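This is what each chain is made of:
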Amino acid sequence: MAKVAFLAHCLLNQNAKVEGGAKTPAMWRPVVDLLRERGYTLRQLPCPEVAFGGARRFWGVREQFDTPLYRRHCRRLAKLVAAVMEPHLRAGDDVVLIGIDSSPTMGISFTPSAPHWAGKPDVGEDDSVLVPGEGILVEELEAELAERGLPLPKRTGIRHWFADYDPDEERRRLESVLA
Amino acid sequence: MTLGSDPRGRRVAVVADSLLEGLLDRLDEEGYGVIQLPPAGLDDETTALWLEQVAEHVAEFRRNGYEVVLADGGVHAAALERALAGLGVGDLPPLDDRR
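Please read these numbers as outputs of a predicted model, since none were measured by experiment.

A.B. asks: Account for the overall build of chain B, naming residues and giving values.
C.D. replies: From N to C terminus, chain B includes 3 helices and 3 strands. The globule rule puts the C-alpha radius of gyration for 99 residues at 13 Å, and the 14 Å found for chain B is close to it. Dimensions of chain B, computed from C-alpha atoms along their principal axes, come out at roughly 40 × 30 × 20 Å. Within chain B, buried positions represent 41% of all 99 residues. Restricting the contact set of chain B to residue pairs at least 6 apart, pairs at least 24 apart contribute 57%.

And the structure:
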């Protein structure tokens, strides 16, 4: 049984984060190292936000990204991811999905929300909140897999931007979804 | 937030799947984020879609002045070159061979 980890693009490429969002110069090693220690093959997801909003995009919340055109863009990428994921799921391989729980696109359990954000990009203090829910790419991937008769694999989201981020809790949570 | 407000390296390496595991530590030490090229065994359509989205990422990073290098081993170089050319982006320099 193969072990395959599909992980959010920015975990291997911090340059894909919004400006101000990178935690390290290159990669987020805690998750990359744990996956390698456990013998997972890495499969990097595309970053829908880089390709759509660009490297200089502003921070955004789910309400801003949730447009028909952005969903179409995410669905196009989800079809690619599903095509790579499908043979592993059908073979019964150990497949995990690692997202970003502060992302409007890659959230697994949480996604940022601020229904009042719009217009001039000077919201001042960040008053967005993290609400339960998936990001838009994750939702589109779930829908694409469902059309193929497949469920989303085991999954969790990295929470390194949570105010109460606890690396030990995150490692335990990651370990709970890994074989 | 403004440009330069976080520790990103502004260096990206486009890396063949077969080379990724062996290069990860070095690339991280040198401040390169990674864009993974398609693994072997995918059908032609899926491989083309993967390369297309890689090219879109590369074009955006190049447009914004990021250093982007290639560590391919020759498998996808020609197809990636075509995909990049379609977006007006020239060839990527190779990751140098310093060890």
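Next comes the rest of the write-up.
A.B. asks: Please provide a residue-by-residue account of the confidence of the model for chain B, values included.
C.D. replies: On average, residues of chain B score 94 in pLDDT, and 96% of them reach the 70 mark or higher. Of the two predicted TM-score estimates for the complex, the pTM is 0.96 and the ipTM is 0.96.

A.B. asks: Quick rundown of the sheet that holds strand β3 (residues 94-100) of chain A? Include the residues and the values.
C.D. replies: Adjacent strands of a sheet form backbone hydrogen bonds with each other and so pair up, either parallel or antiparallel. Residue and element names in this part refer to chain A. Read across the open sheet, the 4 strands follow the order β2-β1-β3-β6; overall the sheet is parallel. Edge positions in the sheet fall to β2 (41-44) and β6 (154-158), since each of these pairs with one other strand and no more. Strand-to-strand twist of the sheet, defined as the mean angle between neighbouring strand axes without regard to direction, takes the value 25 degrees. Sheet topology note: the strand β1 (residues 3-7)/β2 ladder contains 4 bridges and is parallel. Bridging across to β2, V4 finds its partner in T41.

A.B. asks: Summarise the interface of chain A and chain B; cite the residues concerned and give the values.
C.D. replies: A common way to express how large an interface is: the accessible area buried when the components associate. Contacts between chain A and chain B engage 27 residues on the former and 30 residues on the latter. Looking at the side of chain A that touches chain B, the elements that each hand over two or more residues are β2, α3 (48-53) and α5 (68-90) of chain A. In terms of residue count, the dominant contributor to the side of chain A that touches chain B is α5(A) (4 residues).

A.B. asks: Could you give an account of unusual backbone geometry, with specific residues and numbers?
C.D. replies: Residues and elements named next belong to chain B. Phi at R10 takes a positive value of approximately 55 degrees, unusual for a residue other than glycine. Here R10 lies in the segment before β1 (11-15). The exposure class of R10 is partly exposed, given the 19 C-beta atoms found within 10 Å.

A.B. asks: Describe helix α2 (residues 44-63) of chain B, listing the residues and the values that go with them.
C.D. replies: Given a rise of 1.5 Å per residue, 20 residues ought to cover 28 Å, and the 28 Å separating the end C-alpha atoms of α2(B) matches this to within 8%. Directly beyond the C-terminal end of α2(B), a positive phi value near 85 degrees is found at G65(B).

A.B. asks: Break down the environment of R172(A) for me, citing the residues and quoting the values.
C.D. replies: Here R172(A) is to be found in helix α7 (residues 167-177). Note: C-alpha distance between R172(A) and D127(A) (45 residues apart in sequence) is 29 Å.

A.B. asks: Can you lay out helix α6 (residues 136-147) of chain A for me, pointing to particular residues and giving the numbers?
C.D. replies: All names here are of chain A. Compared with the 16 Å implied by 1.5 Å per residue over 12 residues, the 17 Å span of α6 between its first and last C-alpha is a close match. Here α6 has its buried residues at I136, L137, V138, E139, E140, L141 and E144. In this structure, the buried side of α6 is in contact with α3, α4 (62-65), α5 and β3. One or two steps after α6, the chain reaches G149, where phi turns positive at roughly 75 degrees.

A.B. asks: Run through the sheet that holds strand β3 (residues 67-71) of chain B, naming residues and quoting values.
C.D. replies: All names here are of chain B. Taken together, the 3 strands give an open sheet; going across it, the order is β2-β1-β3, and neighbouring strands pair in parallel fashion. Each edge of the sheet is formed by a strand with only one pairing partner; in this case those strands are β2 (32-36) and β3. Shown here is a sheet whose adjacent strand axes are inclined to one another by a mean of 25 degrees, direction ignored. One ladder, built from 5 bridges, connects β1 with β2; its direction is parallel. Each bridged residue has a counterpart across the sheet, and for V14 the counterpart in β2 is I35. Lying on the sheet, helix α1 (residues 17-29) is in contact with β1, β2 and β3; it crosses β2 at an angle near 170 degrees.

Rules behind the numbers
- Residues numbered from 1 in each chain as written.
- Chains lettered and ligands numbered in written order.
- Predicted model: local features only at pLDDT ≥ 70, side-chain atom pairs only at ≥ 80, totals over all residues.
- Helix = DSSP H or I, 4+ residues; strand = E, 2+ residues; numbered from the N terminus.
- Rg over C-alpha atoms; globule rule 2.2 N^0.38 Å.
- Buried ≥ 20, exposed ≤ 12 C-beta atoms within 10 Å, placed from the backbone.
- Contact = placed C-beta atoms within 7 Å.
- pLDDT = per-residue confidence, 0-100.
- Pairing = 2+ DSSP bridges.
- Axes fitted to C-alpha atoms, helices over the stretch in contact; angles between N-to-C directions.
- Expected span 1.5 Å × (residues − 1).

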